[in-house]
Structures are given as structure tokens and as C-alpha cells.
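Listed below, chain by chain, are the residues.
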Protein chains: 2
Amino acid sequence: MKKLRTRFKLWLSSKDAEGVFGDGKWRLLKNIDTEGSLKAASHSLRISYRKAWGDLKKAQQCLNVPLVEKQRGGIQGGRTALTEQGKKWVNAYTRFRSDIEKAVDKAYEKHIKELVK
Amino acid sequence: MKKLRTRFKLWLSSKDAEGVFGDGKWRLLKNIDTEGSLKAASHSLRISYRKAWGDLKKAQQCLNVPLVEKQRGGIQGGRTALTEQGKKWVNAYTRFRSDIEKAVDKAYEKHIKELVK
DNA sequence: TACCGATATGTCGAGTGGTGCATAACCAAA
DNA sequence: TTTGGTTATGCACCACTCGACATATCGGTA
């Protein structure tokens with residue numbers, strides 16, 4: 001039997017939209033925070049700017065919360081930064097996801113591991 | 001703010017295959033157990049027989065474990081039933097998944113809920 | 001032995017989500 | 001006022017997945 005590892009995807013959905021917020025958008029926001037722009041964030045995540053931009057738009061529309069503050073023009077061409085609410089979401093989701101990750105590892109040890117050896 | 005619900009997908013992967021075992025294959029095995037055939041199971045899950053058959057093959061190949069015992073011919077044309085090992089996998093994964101589900105709900109209450117109101 | 005219904009497996013087309021490209025709009029600084 | 005780099009947005013294309021078909025095989029039972 002090959003060695004196995006657990007995988008999971010986590011997200012939030014509303015009644016009318018499925019991917020409101022989840023791992024992808026969480027990573028995107030985190031990278032926007034460290035990189036300072038949407039373009040740089042998408043690049044460091046190796047996803048297209050087109051997708052990153054669409055994801056961000058969707059998250060903000062669905063949550064109806066301003067997660068980032070964007071600026072066009074200027075010496076660097078523009079920038080994107082997290083708002084206070086954006087930071088709160090990142091932090092909350094980080095803790096949320098971390099709890100799940102631990103639970104997955106624990107549950108694997110408890111229920112699956114014995115089957116795999 | 002709209003009401004949100006948590007969503008997650010869970011699966012196991014090996015070094016050379018991604019979807020070794022997960023929610024979909026777990027549901028398939030459960031239905032095979034109750035329905036008695038791969039055809040009936042795929043029908044009750046509303047997935048094509050083609051997909052169910054492929055999924056099952058993949059799971060058995062990747063895990064290298066005989067999860068089901070199949071029979072062709074006979075008065076009913078054939079049948080598929082879980083082996084002892086298949087049942088063990090179903091039961092273990094059921095508990096595994098249940099633990100995660102609880103953890104997700106709990107973590108949502110703890111970390112996310114306050115952001116959404 | 002003919003039949004029936006399930007397993008077994010390849011193939012092609014539709015739908016989906018993402019990438020790449022093209023093109024505006026924007027604006028601080030030179 | 002020109003420039004440069006970023007945000008903003010539509011669109012065509014591409015890869016991947018899944019479903020729908022089309023067959024072939026199998027083997028108790030009538």
C-alpha cells in the first residue's frame with residue numbers, strides 16, 4: 001500500500017453563489033497583503049491576473065464587504081491593499097483553516113491510518 | 001450580509017495519483033452496499049455508470065485493495081458487493097468524515113460567525 | 001441454447017473553468 | 001504632457017471532466 005496524504009478544500013457559500021470565500025481567495029488576500037498589488041499577488045500565486053481579479057471581485061460582491069482598497073495610476077502604476085475588514089477576514093479564515101487542518105490530521109491518525117499499513 | 005454555510009471536500013492522495021479515495025468514492029461504495037450493483041448505485045447517485053465504473057477501478061488500483069467483489073451474468077445479469085475490506089474502508093471513512101464535519105461546524109462558530117453578522 | 005440484465009471499455013461531444021491576449025482607463029512623476 | 005506600470009474587462013481558445021452512446025462479454029435460468 002502506498003503512503004497516503006490527506007487533502008481537503010474548504011469554502012463558504014451563500015444561497016445564490018457557491019464559491020463566496022475559500023482557500024483560493026484566502027491565499028489571494030494574503031498575497032495581496034504581502035505583495036502590495038493584485039498583479040504581484042497573482043504572479044506569486046501563479047494564477048492569471050484575469051482570474052485573480054475575477055475572484056477578488058466575486059468575493060467582495062458576495063460578501064458585500066470591501067476587502068481591499070485599490071488605486072490606479074501613480075509612479076508604480078497602482079496598488080492594492082487590504083482594508084481592516086480584509087485583514088479580519090484573512091486572520092479569521094487562517095484560524096478557521098488551521099483548526100480544520102489539525103482536525104483532518106488527527107482524524108486521519110484515528111480512523112484511516114490503521115487501514116493503510 | 002447573506003447567510004453563509006460551510007463547504008468542504010475531503011480526499012486522500014498518493015504520490016502518483018490525486019483522487020485515490022474521497023467523498024465521491026465513499027458515497028459510491030456506500031450505495032453499492034445498499035443497492036447491490038454498480039449500475040443501481042450509479043443510478044441512485046445520479047452519476048453515469050461510466051464514471052462510477054471508472055472511479056471504482058481507480059480506487060481499487062490506487063489503494064491496491066479489493067474493495068468490491070463483482071459478478072457478471074446470472075439471473076439478474078450481475079452484481080457488485082463490498083468485500084470485508086471495502087466495508088472497513090466505508091466505515092473508517094464515515095467516521096473520518098464525520099469528525100471533520102463536526103470540526104468544520106465548530107470552527108465556523110468559533111472563527112467566522114462573528115464576521116458575518 | 002437463447003435470453004436478459006449487469007459488468008467492461010472505448011470514443012466523442014458538451015460544459016466548465018482558467019489562460020492568454022487585446023485594449024481601456026487611470027494618475028503620480030518626470 | 002508624455003510615460004510607465006497597474007487596475008479593469010471582454011473574448012477567444014484550451015485542457016479537463018463528465019455524460020451519452022455504442023458495443024462486447026459474461027453466465028444463471030427458462
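What you see is a predicted model, and the numbers here were worked out from it, not measured in a lab.

The rules behind these values
- Residues numbered from 1 in each chain as written.
- Chains lettered and ligands numbered in written order.
- Predicted model: local features only at pLDDT ≥ 70, side-chain atom pairs only at ≥ 80, totals over all residues.
- Heavy atoms only, no water.
- Near = heavy atom within 4 Å.
- Polar contact = N/O pair within 3.5 Å; in protein donor to acceptor, adjacent residues only side chain to side chain.
- Helix = DSSP H or I, 4+ residues; strand = E, 2+ residues; numbered from the N terminus.
- Nonpolar A, V, L, I, M, F, W, Y, C, P; charged D, E, K, R; others polar.
- Phe/Tyr/Trp six-rings, centres within 6.5 Å; stacked < 30°, edge-to-face > 60°.
- Buried < 20%, exposed > 50% of the residue type's maximum accessible area, 1.4 Å probe, protein only.
- Pairing = 2+ DSSP bridges.
- Contact = heavy atoms within 4.5 Å.
- Axes fitted to C-alpha atoms, helices over the stretch in contact; angles between N-to-C directions.
- Patch = residues over 30% accessible without salt bridge, like charges linked within 9 Å, V, L, I, M, F, W, Y side chains within 5 Å.
- Areas by Shrake-Rupley, 256 points an atom, 1.4 Å probe, with all protein chains shown as cover.
- Salt bridge = Lys/Arg side-chain N within 4 Å of Asp/Glu carboxyl O.
- Lys, Arg positive; Asp, Glu negative; His and termini not counted.
- Charge placed at Lys NZ, Arg CZ, Asp CG, Glu CD.

1. Here we look at the protein's contact with DNA strand D
The immediate surroundings of DNA strand D are formed by 23 residues, with Leu-38, Trp-53, Lys-70 and Gln-76 of chain A together with Arg-72 of chain B found nearest. Between Gln-76 of chain A and DNA strand D, the recorded distance is 3.1 Å, taken from a backbone N or O atom to a sugar or linking oxygen. In the environment of DNA strand D, a phosphate oxygen lies 3.4 Å from a nitrogen or oxygen atom belonging to the side chain of Lys-51 of chain B. Secondary-structure elements contributing two or more residues to the surface near DNA strand D are helix H2 (38–45), helix H3 (49–63), strand E3 (68–72) and strand E4 (78–82) of chain A together with helix H3 (49–63) of chain B. For the surface near DNA strand D, a count of residues per class yields five nonpolar, eleven polar and seven charged.

2. Comments concerning the packing of aromatic side chains
Residue and element names in this part refer to chain A. Per the stated rule, a full pass over the model turns up eight aromatic pairs over all chains. Measuring from centroid to centroid gives 5.2 Å for Phe-21 and Tyr-93, while their planes differ by 70 degrees, and the two rings are edge-to-face. Here Tyr-93 lies in helix H4 (residues 84–116) and Phe-21 lies in strand E2 (residues 21–22), a separation of 72 residues in the sequence. Since its relative accessible area comes to 1%, Phe-21 is described here as buried.

3. Considerations on the sheet that holds strand E1 (residues 5–13) of chain B
With antiparallel pairing, the four strands of this open sheet are ordered in space as E2(A)-E1(A)-E1(B)-E2(B). Among the strands making up the open sheet, the edge pair consists of E2 of chain A together with strand E2 (21–22) of chain B. Of the strand pairs in this sheet, strand E1 (residues 5–13) of chain A and E1 of chain B are connected by nine bridges, and their pairing is antiparallel. What sits directly across from Thr-6 of chain A, in E1 of chain B, is Leu-12 of chain B. Relative to the sheet, H4 of chain A contacts E1 and E2 of chain A together with E1 of chain B, its axis offset from that of E1 of chain A by approximately 140 degrees. Contacts from helix H4 (residues 84–116) of chain B reach E1 of chain A together with E1 and E2 of chain B, with the element oriented near 140 degrees to E1 of chain B.

4. With respect to the pairing of E4 of chain A
Residue and element names in this part refer to chain A. Inspection of the sheet shows E3 paired to E4 by five bridges, in the antiparallel sense. Residue pairing in the sheet places Arg-72 in a bridge with Gly-78 of E4. Following E3, the chain reverses through five residues before pairing antiparallel with E4; Gly-73 in that reversal takes a positive phi of roughly 80 degrees.

5. Some remarks on a positive patch on the surface
Residues Lys-9, Arg-27 and Lys-30 of chain A together with Lys-9, Arg-27 and Lys-30 of chain B make up a contiguous surface patch of positive charge. Secondary-structure elements contributing two or more residues to the positive patch are helix H1 (23–35) of chain A together with helix H1 (23–35) of chain B. Its location among the elements puts Arg-27 of chain A in helix H1.

Read these as spatial facts, not as claims about activity.
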